[in-house]
Structure formats: structure tokens, C-alpha cells
Amino acid sequence: MFVRPDDDPRGGSGFVGERDTLVGYLRDQRLTLEMKCAGLDAEAMARRSVPPSDLSLLGLVRHMSGVEHRWFRQVLAGQDTPRPYRTEEDRDADFNGAVADPEAVAEAWRTWRAEVAFAERFVSEAPGLDVTGTVGDEPIALRAVLVHMIEEYARHNGHADFLRERIDGRVGQ
């Protein structure tokens, strides 16, 4: 286990109300990603799963920065800003550009934390979970985005668990 249950920073349960529950579970999923990457150097963060896959922990951090950006900045806040790492030439640059460079790792964490902070601010300032953004021509409620984000992190945290086990044998909860 990465942490003893008494030292686990995640809430896990005990949330009250719909907003608190959705925000709490999303926070816990974000913390899980951080825990899966804790203590690793740049080489380990950039290590690929199995050829020919480009999946790595660093790629996941970069990817989740883009996912946070897409749903909270672009869809819900309506900002017309480019998604981190993704380009027209390389839509998988978040994974393809995950290199074993300490500054690349530090920059990925800075970007991810900035996107998470924006999302947390947006959610805390939203008057309700029925606030909508637009995907294409379709409205989508904040509530649905929060559920989607929990699902997105949960799926990728499963990948992160296997990646971490391959790197140093550590498995986590």
C-alpha cells in the first residue's frame, strides 16, 4: 500500500449532499493520481508500459491536465484557449511528449495543478450543479461533467496502478 489507512489523505466517504459527494470523490481521484506518482524520478515517470504503447505516468499527468482544461475551461467556462500538450499535428502529444526530463515532469505537475485549481474554483463559484456548458451544439450540466471526471480519473488511475507496479512493484489502494 502507498499509505497506511490512518495517513490516507482521501476522504473516501462521509460526504453530505450531491455537490459535496461529487466534489469529494473527484478530489479523491485526483489525490490518487498524485499518490500513484509519488517518489518517482523523471525516468520512472516517463517509462512506457509495454511496447508499442506510449502510456506512462507522466503521459497520464499531462493527459489529465488536458482533460481538466477541456471540460472546465473550454466547455463549462467557455474559454477559447488551446489545450495543453495537444496540437493539430499530434493529438497524442500529451503521451508522445512525455520525456524523462526533470523539468518536463515539474512542468507537467505545474500545469495539472493549475488546471485542477481552475476547476475547483469554477465548481465552488458555480451557483448549482445545473450550470451548463456546451459540447458541440449540446448543453452539458456541471453535474454530468463532475461524474465524467470521476470516471476519467478512475479509469486512468487503474492504468497508473499497473504502471507503478511495473516500475517498482508497489501496488496501492
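Heads up: the structure comes first, above all this text.
The model shown is predicted, which means the values in this text are computed figures rather than measured ones. (Residues numbered from 1 in each chain as written. Predicted model: local features only at pLDDT ≥ 70, side-chain atom pairs only at ≥ 80, totals over all residues. Heavy atoms only, no water.)

Chemist: What exactly am I supposed to notice about the overall build of the protein here?
Modeler: Tallying secondary structure elements over the protein gives 6 helices and 2 strands in all. In sequence order, the protein lays out its α and β elements as α-α-α-α-α-β-β-α. Expected size for 173 residues packed as a compact globule is a radius of gyration near 16 Å; at 16 Å, the protein falls within 12% of this value. The buried share among the 173 residues of the protein stands at 45%. Within the protein, contacts between residues separated by at least 24 positions form 70% of all contacts whose residues are at least 6 apart in sequence. (Helix = DSSP H or I, 4+ residues; strand = E, 2+ residues; numbered from the N terminus. Rg over C-alpha atoms; globule rule 2.2 N^0.38 Å. Buried < 20%, exposed > 50% of the residue type's maximum accessible area, 1.4 Å probe, protein only. Contact = heavy atoms within 4.5 Å.)

Chemist: For this particular structure, what's the right way to read the side chain of Ser-65?
Modeler: Tracing the chain through its elements places Ser-65 in helix H3 (residues 57-76). Contacts of Ser-65, omitting those with residues within four sequence positions, involve Pro-84, Tyr-85, Ala-108, Thr-111, Trp-112 and Glu-115.

Chemist: Please clarify how the packing of helix H1 (residues 18-37) against helix H5 (residues 102-125) should be interpreted in this entry.
Modeler: Two packed helices can be described by the angle between their axes and the distance between those axes. Put simply, H1 and H5 touch, their axes get as near as 12 Å, and they point 175° apart. Between H1 and H5, the interaxial angle falls into the category roughly antiparallel. In this structure, H1 contributes Arg-19, Val-23, Arg-30, Leu-33, Glu-34 and Cys-37 to the contact, and H5 contributes Trp-109, Trp-112, Arg-113, Val-116, Ala-119, Glu-120, Val-123 and Ser-124. Residue classes in the contact of H1 with H5 are distributed as 8 nonpolar, 1 polar and 5 charged. (Axes fitted to C-alpha atoms, helices over the stretch in contact; angles between N-to-C directions. Parallel < 35°, antiparallel > 145°, perpendicular 65-115°, else oblique. Nonpolar A, V, L, I, M, F, W, Y, C, P; charged D, E, K, R; others polar.)

Chemist: Mind showing me how you'd approach the pattern of salt bridges here?
Modeler: Enumeration according to the criterion identifies 13 salt bridges in this entry. For Arg-143, the salt bridge is made with Glu-18, and the minimal N-O distance between the two is 2.5 Å. Here Arg-143, found in helix H6 (residues 142-168), pairs with Glu-18, found in helix H1; they are 125 residues apart in sequence, far enough to count as distant. Owing to a relative accessible area of 41%, Glu-18 belongs among the partly exposed residues under this scheme. Residue Arg-164 pairs with Asp-168 through a salt bridge whose shortest N-O separation is 3.0 Å. (Salt bridge = Lys/Arg side-chain N within 4 Å of Asp/Glu carboxyl O.)

Chemist: Can you help me understand the packing of aromatic side chains in this one?
Modeler: The description of two aromatic rings rests on the distance between their centres and on the angle between their planes. Here the structure, examined in full by the defined rule, presents 1 aromatic pair. Seen in terms of ring centroids, Trp-109 and Trp-112 are 5.4 Å apart; in terms of plane orientation they differ by 85°. Their pairing is edge-to-face. In this pair, Trp-109 and Trp-112 are both assigned in helix H5, 3 residues apart and thus about one turn of the helix distant. Here Trp-109 and Trp-112 have matching classes, each one buried. Here the guanidinium or amino end of Arg-73 rests over the ring plane of Phe-118, the centre of that ring lying 4.1 Å away. (Phe/Tyr/Trp six-rings, centres within 6.5 Å; stacked < 30°, edge-to-face > 60°. Lys NZ or Arg CZ within 6 Å of the ring centre and 35° of its normal.)

Chemist: I keep staring at the packing of H1 against H3 and nothing clicks. Help me out?
Modeler: In the contact formed by H1 and H3, the axes pass within 10 Å of each other and the chain directions differ by 155°. The pairing of H1 with H3 is recorded here as roughly antiparallel in orientation. With respect to the hand of their crossing, H1 and H3 are arranged in left-handed fashion. Listed contacts from H3 to Leu-26, Arg-30, Leu-33, Lys-36 and Cys-37 of H1 are Leu-57, Val-61, Met-64, Glu-68 and Phe-72. Split into classes, the residues belonging to the contact of H1 with H3 amount to 7 nonpolar, no polar and 3 charged. (Left-handed = near helix turned anticlockwise from the far one by under 90°.)

Chemist: Would you mind going over the environment of Met-35 with me for this structure?
Modeler: Here Met-35 is to be found in helix H1. Residue Met-35 is classed as buried on the basis of its relative accessible area, which comes to 12%. Measuring from C-alpha to C-alpha, the distance between Met-35 and Ala-106 comes to 16 Å, with 71 residues separating the pair along the chain.

Chemist: What exactly am I supposed to notice about H6 here?
Modeler: Between its terminal C-alpha atoms H6 stretches 38 Å, which fits the 39 Å expected from 27 residues at 1.5 Å a residue. Just past H6, the residue Gly-169 takes up positive phi, approximately 85°. (Expected span 1.5 Å × (residues − 1).)

Chemist: Honestly, unusual backbone geometry in this entry has me stumped. Any pointers?
Modeler: Across residues other than glycine, the phi torsion is negative in most instances, and most of the peptide bonds are trans. With an omega of 5°, the peptide bond running from Pro-51 to Pro-52 counts as cis. Not every positive phi belongs to a glycine, and Tyr-85 is a case in point at roughly 75°. In this structure, Tyr-85 sits in the loop between H3 and helix H4 (93-96). The exposure class assigned to Tyr-85 is buried, which follows from its relative accessible area of 16%.

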